[in-house]
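Here's the letter readout for the chains.
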Amino acid sequence: MKGTQERREVFRRYADRRRALMLAIHEILFDQRPGEARDRNLLEEVCHDFYTDGAVLVRKLTEKDTSDSVVLLVAAGNWDLAQPGDIFEGEGIEALLRAQENAHGAVALSRFRRTSLINDNAWEDLWENDPGKPATALLSVDLKPSDARPAMIWLLLNGASREWSSHDRQLLEEVADLLSRAADKAAQEDSK
């Protein structure tokens, strides 16, 4: 199936887009062993589907970490300014983490539509340098596995304005749920 699959680039219906992305993610999960390479391929697929410049998987430094900084686990797309193991911190990251903690799902932000939840300094830091590279739009979602450590996926766009649709948010939340289940399965297999 891998060699003959034709991928349509622009779908007319959300259901077709969703089906294609979820199938691609399932194929990666079934065909590749857990690890950094598989995670990068998953993020590349998500990045491609959402037409973003970059995607990253990040997590807090320790399981019980109360600091407002995260470590980069895997990067995909045009993300040459940061490497796995790099730490992202600053007022912008603190504000994003607070917003994510209070959200019930994906957090969608656009640099050109300021929110009152984030103060001026944190807002500028978030878009200029805190996430490892400049950005103009960001979509963030938590991965909340039961057994594995929690993480977050950030999708970033630079150089263009974007309003994230409800379908974008729903689809990334669905991807996060699937990846959380995959992380739990990998953690259970590691503990055997």
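Further up the page is the structure itself.
Residues numbered from 1 in each chain as written. Predicted model: local features only at pLDDT ≥ 70, side-chain atom pairs only at ≥ 80, totals over all residues. Heavy atoms only, no water.

Overview of the packing of helix α1 (residues 14-31) against helix α5 (residues 166-191)
Close contact between α1 and α5 brings their axes to 11 Å; oriented N to C, the two are set at 20 degrees. Classified by the angle between their axes, α1 and α5 sit roughly parallel to one another. Classified by chirality, the crossing of α5 by α1 is right-handed. Contact residues: Y14, R17, R18, L21, M22, I25, H26 and L29 in α1; H167, D168, Q170, L171, E174, V175, L178, L179 and A182 in α5. Here the contact of α1 with α5 is built from residues that sort into ten nonpolar, three polar and four charged. (Axes fitted to C-alpha atoms, helices over the stretch in contact; angles between N-to-C directions. Helix = DSSP H or I, 4+ residues; strand = E, 2+ residues; numbered from the N terminus. Parallel < 35°, antiparallel > 145°, perpendicular 65-115°, else oblique. Left-handed = near helix turned anticlockwise from the far one by under 90°. Contact = heavy atoms within 4.5 Å. Nonpolar A, V, L, I, M, F, W, Y, C, P; charged D, E, K, R; others polar.)

Looking at the pairing of strand β5 (residues 137-143)
With six of seven residues buried, β5 lies mostly within the body of the structure. Of the pairings in the sheet, the one linking strand β4 (residues 107-110) to β5 comprises four bridges and is antiparallel in character. Bridge pairing in β5 links A108 to L139. Two strands pair when backbone bridges link them, and β5 and strand β6 (residues 151-157) are joined in this way by seven bridges, in the antiparallel orientation. Residue pairing for β6: S140 is matched across the bridge by W154. (Buried < 20%, exposed > 50% of the residue type's maximum accessible area, 1.4 Å probe, protein only. Pairing = 2+ DSSP bridges.)

Side note on the layout of surface pockets
Counted as a void, the largest pocket has a volume near 520 Å³. What lines the largest pocket is a set of 24 residues, and nearest its centre among them are R38, D39, R59, A183 and A186. For the lining of the largest pocket, the secondary structure elements donating two or more residues are α2 (36-50), β1 (54-60), β6 and α5. Looking at the lining of the largest pocket, the element that brings in the most residues is α5, giving seven residues. For the lining of the largest pocket, the per-class residue count stands at 15 nonpolar, one polar and eight charged. (1 Å grid on protein atoms, 1.4 Å probe; cavity = no way out; pocket = protein on both sides within 12 Å on 5 of 7 lines; lining within 4 Å. Points joined across faces, edges and corners; volume = space filled by probe spheres on them.)

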